[in-house]
Amino acid sequence: MSDLIETNLVSKYFLILALINTIAAICFTLPILLPTSGLPLIIGAFPGTWLIVGYFVFLIVGVIGMLGWSIVYSSMPSMFDKHQTSKRLSIIHLVFSELAIYGVASTISFIGWQGGQALRQGLSIASVGFLIEPYVLPTGVFVALVLLGQLIGVLNIFSTIRMKYYNYFDLP
């Protein structure tokens, strides 16, 4: 079994994830538009601002980032004459990036929601800090996984550019 996959296929998978993440971002936006949800009040102060940070991180990495990777992989044949890339690195890149961005956005948003609700109920800033503290480490782990996924993607692109490609139909 070959460890290579077509770059256009990898590009297609990243584009599909970008579209799925766009639909998810639309769904995440809907509660903000409902004044009865209390979200506009929560977002206005720490730690409710974490909700909006989580949303923007999701938009930047989950939507724009996935679209960017799709463009990078789709341009490999025309820019570098590379039609195949490492299947293993591509799968790790795709899975780490996708799962980790949902993890980051979820934990940051949860922290913002919990902290914002606690502030609305009258808890002090120190009490809110203790309330959200257990969720900060998992957020950091997900951030590290996002960075690792992106690093693996860059490594995959550079190794693909350097890869020797043999067209078996041209061999004597």
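Here, every reference points to the structure presented above.
Residues numbered from 1 in each chain as written. Predicted model: local features only at pLDDT ≥ 70, side-chain atom pairs only at ≥ 80, totals over all residues. Heavy atoms only, no water.

## With respect to the overall build of the protein chain
Then, in step 1: Looking only at helices and strands, the protein chain features 6 helices and 2 strands.
Then, in step 2: Taken from N to C terminus, the helices and strands of the protein chain fall in the order β-α-α-α-β-α-α-α.
Then, in step 3: Counting the 172 residues in the protein chain, one finds 35% classified as buried.
Then, in step 4: By sequence separation, contacts in the protein chain at least 24 residues apart represent 86% of the contacts at least 6 residues apart.
Then, in step 5: Total accessible area on the protein chain stands at roughly 10100 Å², and carbon and sulfur atoms take up 75% of it. (Helix = DSSP H or I, 4+ residues; strand = E, 2+ residues; numbered from the N terminus. Buried < 20%, exposed > 50% of the residue type's maximum accessible area, 1.4 Å probe, protein only. Contact = heavy atoms within 4.5 Å. Areas by Shrake-Rupley, 256 points an atom, 1.4 Å probe, with all protein chains shown as cover.)

## Details of the packing of helix H1 (residues 7-33) against helix H3 (residues 49-80)
Then, in step 1: In the contact formed by H1 and H3, the axes pass within 8 Å of each other and the chain directions differ by 160°. If you check the angle between H1 and H3, you find them roughly antiparallel. For the crossing formed where H1 meets H3, the hand is left-handed.
Then, in step 2: Broken down by class, the residue content of the contact of H1 with H3 amounts to 18 nonpolar, 9 polar and no charged. (Axes fitted to C-alpha atoms, helices over the stretch in contact; angles between N-to-C directions. Parallel < 35°, antiparallel > 145°, perpendicular 65-115°, else oblique. Left-handed = near helix turned anticlockwise from the far one by under 90°. Nonpolar A, V, L, I, M, F, W, Y, C, P; charged D, E, K, R; others polar.)

## Observations concerning the nonpolar core
Then, in step 1: By size, the foremost hydrophobic cluster in this structure holds 11 residues: Ile5, Val10, Phe14, Leu17, Ala18, Met66, Trp69, Tyr73, Met76, Leu94 and Ile157.
Then, in step 2: Looking at this core, the elements with two or more residues in it are H1 and H3.
Then, in step 3: Judged by nonpolar contacts, the second largest core, of 10 residues, contains Ala25, Ile101, Val104 and Ile108. (Core = buried A, V, L, I, M, F, W, Y, C linked by side-chain atoms within 4.5 Å.)

## Things to note about the packing of H1 against helix H4 (residues 87-120)
Then, in step 1: Close contact between H1 and H4 brings their axes to 11 Å; oriented N to C, the two are set at 5°. By the angle between their directions, the pair H1 and H4 is classed as roughly parallel. Contact with H1, carried on its side by Val10, Tyr13, Phe14, Leu17, Ile20, Asn21, Ala24 and Phe28, involves Ser90, His93, Leu94, Glu98 and Tyr102 of H4 and no other residues of that element.

## A closer look at a nonpolar patch on the surface
Then, in step 1: The grouping of Leu9, Tyr13, Ile16 and Ile20 at the surface amounts to a nonpolar patch, some 320 Å² of accessible area in total.
Then, in step 2: By secondary structure assignment, the location of Tyr13 is in helix H1.
Then, in step 3: For Tyr13, a relative accessible area of 39% gives the class partly exposed. (Patch = residues over 30% accessible without salt bridge, like charges linked within 9 Å, V, L, I, M, F, W, Y side chains within 5 Å. Salt bridge = Lys/Arg side-chain N within 4 Å of Asp/Glu carboxyl O.)

## Points about the packing of aromatic side chains
Then, in step 1: A complete count under the given rule lists 6 aromatic pairs for this structure.
Then, in step 2: Aromatic pair Trp69 and Tyr73: ring centres 6.1 Å apart, planes at 40°, arrangement tilted. Here Trp69 and its partner Tyr73 are both found in helix H3, 4 residues apart, which amounts to about one turn of the helix.
Then, in step 3: Put simply, the rings of Phe14, Trp69 and Tyr73 pair up and form one aromatic cluster. (Phe/Tyr/Trp six-rings, centres within 6.5 Å; stacked < 30°, edge-to-face > 60°.)

## Details of H3
Then, in step 1: Considering bend angle alone, the principal kink of H3 is centred on Gly65 and spans about 35°.
Then, in step 2: Immediately downstream of H3, the backbone of Asp81 shows phi near 55°, a positive value. (Bend = angle between axes of the 7 residues up to and from the residue.)

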